[in-house]
Amino acid sequence: MTAWLKDRAAIVGIGQTEFSKASGRTELQLACEAVKAALDDAGLRPSDVDGLVTFTMDTSDEIEVARNLGIPHLSMFSRVPYGGGAAAGTVLHAAMAVATGVADVVVCYRAFNERSGFRFGDTGSVLGGGLPLWLSWYAPYGLLTPASWVALHARRYMHTYGVTNEHFGAIAVVDRHHAATNPDAWFYQRPITLADHQASRWIVEPVLRLLDCCQESDGGAALVITTADRARDLAHRPALITAAAQGAGGDGEMMTSYYRDDLTGLPEMGVVAQQLWKASGLRPSHITTAFLYDHFTPFVLMQLEELGFCGRGEAKDFATVENLSIGGVLPINTNGGLLGEAYLHGMNGITESVRQIRGTACNQVPDVEHILVTAGTGVPTSGLILSPSA
Amino acid sequence: MSRIEPSMSPDTAFFWEGVAQGRLLVQRCGGCDALRHPPRPMCPACNSLAWDPYETTGRGQVYSFVMPRHPRYPGFDDPHIAVLVELEEGLRLVSNLGEVEPEDVTIGMPVEVFYATFEGGIVLPQFRPAAPT
């Protein structure tokens, strides 16, 4: 990636539904509600939109979203694969489209009933039609859930660097503390302690306890992207897209990349990190706050290392409650993250980062200069650096 | 005890046919002799499409292991051990560890393959602590 895209596009609108365990409505309706809310927030009309981007996993077709919103025509639409790894990738696609003039206004959306509908951890009950080929190397041995796939990888990291499950507790505590003061969060007013974390039951022993695993949520979120020039005339302070990148590493699988020489890192995030720093000209010390994808806590520690916030094997000492809370050296997941606010496949980390840029977050970090956002880990992934306009 | 039956493709069927015969097979590239697993059509080192099955010793060491506790699936002891084995040939594969208690397993422990038949005639490679040689 070159620096060509730097600050040429901006996120100008954000929208979301409530986050729940049973939305009581279709995924398509959630998507439409989120897109409409994001356009209203931006002060734009459906007729201004000519591009849509979503996840390959999303069930709401672009043309159905357009039909519901009354978007008259679309000149650009694309989808990003690999589950939650897609989140920031949708913004990259949208930014490329508006910066090149292929589209004027692009909306990125993600909506699902991941708790009341199909649950990602429920692989075992839906295999009547036969195992997907890749899963045939894992499911017969009892590795049937994202938690189990991640744990077998993270165990090697723990072994190599002397990391224990207690080290992961700091991530859960920070997220739940931030969620406790965010009325949108499912775990609003319900903080936890390290003792609560250590008392929670094993999901995959000795790596993941219940409080190391993100929640499951119903809901939708959407982002409106246009050029930085047009953004200046819109309702809110734009969140400039200083850098956006996708990344896949060599010899990888969707969540079971067990065959690489070394299992102590997240090479996909390394590919993303290298591009983000190069394209932005920034360093980790320039980042005021970050949203680090937290579907499972061990991969937050490994991300801190891949992104260069600390050295290899040092995250167990860096990732303290003090360092990662507001007032610390790198406040993370100020909305409560996927553990505390909602599991919206990372899109709620981007909406929160835009609020931080605007200065409207419930847990506002003072003097935000640059925000780093990452997408799902253990899979091909993506990342963003957002900045306020000058 | 039941286990979920693996799916196969023309790229992977040889592995399961080998397991049914008590042999742990991987691919050996016809172009550069590199071994690979899981099976796939092309050699990433030399891009050859030619390969033949290569029988491993079935011995290796524990590279990583975990005990999935929740959700519970029928056909598995609680706890059961999912293991990532690094074979002597340098390849890794996922399996289960048997004939050992979780507290006695260590990363780096020598292990050897054996074969278990589950309900419906499903045969899977399993590993256990290696007999002293």
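Note: the structure precedes this text.
Residues numbered from 1 in each chain as written. Chains lettered and ligands numbered in written order. Predicted model: local features only at pLDDT ≥ 70, side-chain atom pairs only at ≥ 80, totals over all residues.

Draft legend 1. Here's a closer look at the overall build of chain B. Across its full length, chain B holds 1 helix and 8 strands. Listing the helices and strands of chain B from first to last along the sequence gives α-β-β-β-β-β-β-β-β. Relative to the globule expectation of 14 Å for 133 residues, the C-alpha radius of gyration of chain B, 16 Å, shows essentially globular dimensions. Overall, the C-alpha framework of chain B stretches about 45 × 35 × 25 Å when taken along its three principal axes. Split into buried and exposed, the 133 residues of chain B put 29% on the buried side. Nonlocal contacts in chain B, meaning residues at least 24 apart in sequence, comprise 49% of its contacts between residues at least 6 apart. (Helix = DSSP H or I, 4+ residues; strand = E, 2+ residues; numbered from the N terminus. Rg over C-alpha atoms; globule rule 2.2 N^0.38 Å. Buried ≥ 20, exposed ≤ 12 C-beta atoms within 10 Å, placed from the backbone. Contact = placed C-beta atoms within 7 Å.)

Draft legend 2. Here's a closer look at the packing of helix α4 (residues 146-161) of chain A against helix α9 (residues 298-306) of chain A. All names here are of chain A. At their nearest, the axes of α4 and α9 sit 10 Å apart, and the two run at 55° to each other. Relative to α9, α4 is oriented oblique. Of the two possible hands of crossing, α4 and α9 adopt the one that is left-handed. Contacts between α4 and α9 pair Val150, Ala154 and Tyr157 from the former with Pro298, Phe299 and Met302 from the latter. A per-class count over the contact of α4 with α9 returns 6 nonpolar, no polar and no charged. (Axes fitted to C-alpha atoms, helices over the stretch in contact; angles between N-to-C directions. Parallel < 35°, antiparallel > 145°, perpendicular 65-115°, else oblique. Left-handed = near helix turned anticlockwise from the far one by under 90°. Nonpolar A, V, L, I, M, F, W, Y, C, P; charged D, E, K, R; others polar.)

Draft legend 3. Structural context of the sheet that holds strand β4 (residues 105-113) of chain A. Residue and element names in this part refer to chain A. Pairing is mixed across the open sheet formed by 9 strands, whose spatial order is β3-β2-β4-β7-β1-β8-β11-β10-β9. Strands with a single pairing partner mark the edges of an open sheet, and in this sheet they are β3 (76-80) and β9 (289-291). This sheet shows a mean twist of 25° between the axes of neighbouring strands, independent of strand direction. With 2 bridges joining them, strand β1 (residues 9-16) and strand β8 (residues 239-247) adopt antiparallel strand pairing. Each residue of the ladder has a partner; that of Ala10, found in β8, is Leu240. The sheet strands contacting helix α2 (residues 62-69) are β2 (51-55), β3 and β4, and the helix crosses β2 at an angle near 130°. (Pairing = 2+ DSSP bridges.)

Draft legend 4. The packing of helix α3 (residues 87-99) of chain A against helix α13 (residues 347-358) of chain A, seen in detail. Viewed as axis vectors pointing N to C, α3(A) and α13(A) meet at an angle of 65°, and their least axial separation amounts to 7 Å. Counting all contacts with α3(A), which are made through Ala87(A), Ala88(A) and Val91(A), the residues of α13(A) involved are Met347(A), Gly349(A) and Ile350(A).

Draft legend 5. Quick peek at the pairing of strand β5 (residues 202-205) of chain A. Where β5(A) meets strand β6 (residues 208-209) of chain A, 2 bridges bridge the pair, whose relative direction is antiparallel. Among the inter-strand pairings, Trp202(A) is bridged to a residue of β6(A), identified as Arg209(A). The hairpin formed by β5(A) and β6(A) contains 2 residues between the paired strands. Across 2 bridges, β5(A) lies against strand β4 (residues 59-68) of chain B in antiparallel orientation. In the strand pairing of β4(B), Glu205(A) is matched with Met67(B).

Draft legend 6. Examining the sheet that holds strand β2 (residues 35-36) of chain B more closely. All names here are of chain B. Strand order in the open sheet formed by 3 strands is β2-β1-β3, and the pairing between neighbours is antiparallel. This sheet does not close on itself; its edge strands, each paired only once, are β2 and β3 (51-55). Where strand β1 (residues 25-29) lies against β2, 2 bridges are found, and the strand directions are antiparallel. Note that in β2 the partner of Gln27 across the bridge is Arg36.

Draft legend 7. Inspection of α9(A) at higher detail. Residues and elements named next belong to chain A. Among the 9 residues that make up α9, 9 are buried, leaving the element largely enclosed by the rest of the structure. Residues of α9 that are buried in the fold lie against α4, α5 (165-180), α8 (267-280), α10 (315-318) and β10 (371-374). Positioned one or two residues after α9, Gly308 has a phi angle of 90°, which is positive.

Draft legend 8. Examining the nonpolar core more closely. Residues and elements named next belong to chain A. Counting 153 residues, the largest nonpolar core has Ile11, Val91 and Ile225 as the members making the most contacts within it. Here this core gets 10 residues from one element, more than from any other, and that element is α3. Every residue in contact with Val91, bar those within four places of it in the chain, is listed here: Ile11, Cys108, Leu223, Ile225, Ile241, Ala244, Ile350 and Leu384. (Core = buried A, V, L, I, M, F, W, Y, C linked by C-beta atoms within 7 Å.)

Draft legend 9. A look at the environment of Ser23(A). All names here are of chain A. The residue Ser23 is located in the loop between β1 and α1 (27-42) in this model. C-beta crowding within 10 Å serves as the criterion here: with 23 such atoms nearby, Ser23 is assigned to the buried category. Expressed as a C-alpha distance, the spacing of Ser23 and Thr351, which sit 328 residues apart in the sequence, is 20 Å. Beyond its immediate chain neighbours, meaning those up to four positions away, Ser23 contacts Leu30, Asn113, Ser116, Asp218 and Gly219.

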